[in-house]
Amino acid sequence: MPVPYDIAVIGAGSAGLTAARFAARFGKRVALIEANRVGGDCTWTGCVPSKALLHAAKVAHTVRNANRYGITVRDQQVDFAAMMGWVKGAVEDVYSQETPETLLADGIEVLKGRAEFRDARTLAVDQREISARHFLICTGAAPFVPPIPGLEDTPYLTYETFWDLQSLPDRLVVIGGGPIGCELAQACQRLGSRVTLVEAADRVLPNDEPEASHLVAQSLRRDGVCLRLSSPVESVGRRGDGHCVMVSAGGKTIKGDALLVAVGRRARVDGLGLDTAGVEYSPRGITVDDYLRTGVKHIYAAGDCAGGYQFTHYAGFQGAMAVRNMLLPGRSRGRPQYPPWATFTDPEVAHTGYTEEQARQQFGDKVRVSMLPMAHIDRAVTENSAEGFVKVVRRSNGETVGATVVGQRAAETLQAWTLAGDNGLKMADVARTMQAYPSLATGNQQVAWEAYLEGLTTGSTGRVVRWLSG
């Protein structure tokens, strides 16, 4: 007889953990099923270790360039093994809040094993069977391996296996100029590797504003990364001794000691018995409506496996919304209009809503753009981080529809614009919100204030205001 639960959550990554904890707060009996490690990609191979590595690499970079502040540091060395030990320690600290024991104390039963639907109401977890009133699929995504000739026979790393490195490659070739490729390329270069980044597009970070891509490319080159843009990979292979990787791209051959493939991710949907349960899916992910429900009314999907944006915070949000829609009256959209994202290179790139090009396609000549260089924000100047900008895209009525921040701690600075977009706020609303000085957030108020004043002092409104002011 299957063991009954109120909710069975398949996958204990960001979406699954958030969903399980949310459901447990309602007093529901929750089963959280995980075939590998609780925490998922984010904790073990994604956000947490990569950001720890980036921090260590930035420390090395800062020490190496400390003379610009009048500080002399001698005999700098990078102990890669010790540094990776520190990275793994950061991972363990995060995981300590997600262990099965911690989750059980919150009322969540963790079942270890591979899950497969026997029918729409029954799930097999290895040798056990469980049933549930509701199911939520949160199986995430895996690295996408492109069909490059020779790749099957060539050793390569992905964001999952990178963390198994015992030593830093002397020469690293990175295929892919998206967030993962750019972050790991810059980190490895700053730690002492000689990195070549190969990208088929004509710029890195092609989903961000062109100005942001330009600054990141400029920073990567300044650090010493060799960028090969507009260079689709034709083949990869090994030299006869097996110790050298050869990458043919854009008509040139690039040699390296290790190869990192970072060209995207694909939804994990195989082996779940979705056909048996009657759940539709494709290579892009499980088919859900705007409220995260599949075609089977009691089965939902959230996070990377449901297609769409593949961000930890997006997955967590969807996990919570799926449970809310299962248990409470009414419905909430599981796909917010203005999801934020960030690439944690140096400088950081953070974005929400429309880019300028997308906004012009959507709203035509009613689009206005405001731009403030980081060099005009006092805190950025005092921290020698004046490279970057705050760019806000708005409609002619002042409503914000998108923003990009490039610079130090851009992801934190962006939050004002995410809040503005989600709540239909105008530049005047942001301008009236006082920010502590000196902080990077004062830049948000500065750019909003300039836009607000422009609206007050130009056109017919400006004529009326000038008349009223005498």
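Above this text sits the structure in question.
Predicted, not measured: the structure shown is a model, and the values here were computed from it. (Residues numbered from 1 in each chain as written. Predicted model: local features only at pLDDT ≥ 70, side-chain atom pairs only at ≥ 80, totals over all residues. Heavy atoms only, no water.)

A separate point is the pairing of strand β22 (residues 389–395). Counting buried positions along β22 yields six of seven residues, so the element is predominantly enclosed. Relative to β22, strand β21 (residues 367–373) runs antiparallel, the two sharing seven bridges. Each residue of the ladder has a partner; that of Val367, found in β22, is Arg395. Here six bridges tie β22 to strand β23 (residues 400–407), and the two strands are oriented antiparallel to one another. By the bridge assignment, Val390 is partnered in β23 with Val405. Linking β22 back to β23 in an antiparallel pair, the connection comprises four residues, with Gly398 at a positive phi of about 95°. (Buried < 20%, exposed > 50% of the residue type's maximum accessible area, 1.4 Å probe, protein only. Helix = DSSP H or I, 4+ residues; strand = E, 2+ residues; numbered from the N terminus. Pairing = 2+ DSSP bridges.)

Residues three or four positions apart in an α-helix share a direction because the helix packs 3.6 residues into each turn. Between its first and last C-alpha, helix α7 (residues 210–223) extends 20 Å over 14 residues, near the 20 Å set by a 1.5 Å rise per residue. Listed as buried for α7 are Ala212, Ser213, Leu215, Val216, Ala217, Ser219, Leu220 and Asp223. Against the buried residues of α7 lie α3 (47–64), α6 (179–191), β10 (226–228), β20 (348–353), β22 and β23. Looking at the residues trailing α7, positive phi occurs at Gly224, about 115°. (Expected span 1.5 Å × (residues − 1). Contact = heavy atoms within 4.5 Å.)

Another point: the nonpolar core. Nonpolar side chains in soluble globular proteins tend to end up buried together. Residues Ile33, Phe117, Leu136, Ile137 and Ile286 are the most contacted members of the largest nonpolar core, which totals 58 residues. With residues near it in sequence (within four places) discarded, Phe117 still touches Ile10, Thr122, Leu123, Phe135, Ile137, Leu272, Gly273, Leu274, Thr276, Ala277 and Ile299. Residues Ala57, Met83, Val174 and Val216 belong to the second largest nonpolar core, which totals 39 residues. (Core = buried A, V, L, I, M, F, W, Y, C linked by side-chain atoms within 4.5 Å.)

A word on the state of the cysteines. With the rule as written, the count across this model stands at zero disulfides. Unpaired in this structure, Cys138 has its nearest cysteine sulfur neighbour in Cys305, at a distance of 6.1 Å. Relative accessible area serves as the criterion here: at 6%, Cys138 is assigned to the buried category. Look at Cys305 and you get buried, because its relative accessible area is 0%. (Disulfide = S-S within 2.5 Å.)

Residue placement: Arg324 occurs in helix α9 (residues 312–327). The buried charged residue Arg324 lacks any salt bridge partner; its closest oppositely charged side chain belongs to Asp289, at an N-O distance of 12 Å. When near neighbours in sequence (up to four residues on either side) are disregarded, Arg324 contacts Phe22, Pro329, Gly330, Arg331 and Ser332. (Lys, Arg positive; Asp, Glu negative; His and termini not counted. Salt bridge = Lys/Arg side-chain N within 4 Å of Asp/Glu carboxyl O.)

For the rest of this paragraph, the subject is the layout of surface pockets. In this structure, the second largest pocket occupies an estimated 800 Å³ of space. Contributing to the lining of the second largest pocket are 30 residues, with Lys58, His61, Arg190, Asp346 and Gln408 lying nearest its centre. Contributions of two or more residues to the lining of the second largest pocket are made by α3, α6 and α7. Counting residues per element, the lining of the second largest pocket draws most heavily on α3, at eight residues. (1 Å grid on protein atoms, 1.4 Å probe; cavity = no way out; pocket = protein on both sides within 12 Å on 5 of 7 lines; lining within 4 Å. Points joined across faces, edges and corners; volume = space filled by probe spheres on them.)

Next up on the list: the packing of aromatic side chains. Aromatic ring pairs are reported here in terms of the distance separating the ring centres and the angle at which the planes meet. One pass over the full model with this rule turns up ten aromatic pairs. Between Phe162 and Trp163 the ring centres are 4.9 Å apart and the planes differ by 80°, which places this aromatic pair in the edge-to-face class. Of the two residues, Phe162 and Trp163, neither departs from the other in class, the shared state being buried. The interplanar angle of 80° and the centroid separation of 5.5 Å between the aromatic rings of Tyr354 and Phe363 together place this pair among those described as edge-to-face. According to the relative accessible area criterion, Phe363 is buried, its value standing at 19%. (Phe/Tyr/Trp six-rings, centres within 6.5 Å; stacked < 30°, edge-to-face > 60°.)

Turning our eyes to something else, we now look at the environment of Ala142. Structurally, the position occupied by Ala142 is in strand β7 (residues 141–143). Distance from Ala142 to Phe162, taken between C-alpha atoms, is 14 Å for residues 20 residues apart in sequence. In contact with Ala142, other than residues within four places in its own chain, are Tyr159, Gly264, Arg265, Arg266 and Arg268.

Where burial is concerned, most of β23 is hidden: eight out of the eight residues are buried. Taken together, the six bridges between β20 and β23 define a ladder with antiparallel strand orientation. Within β23, the residue paired with Val349 across the bridge is Val406.

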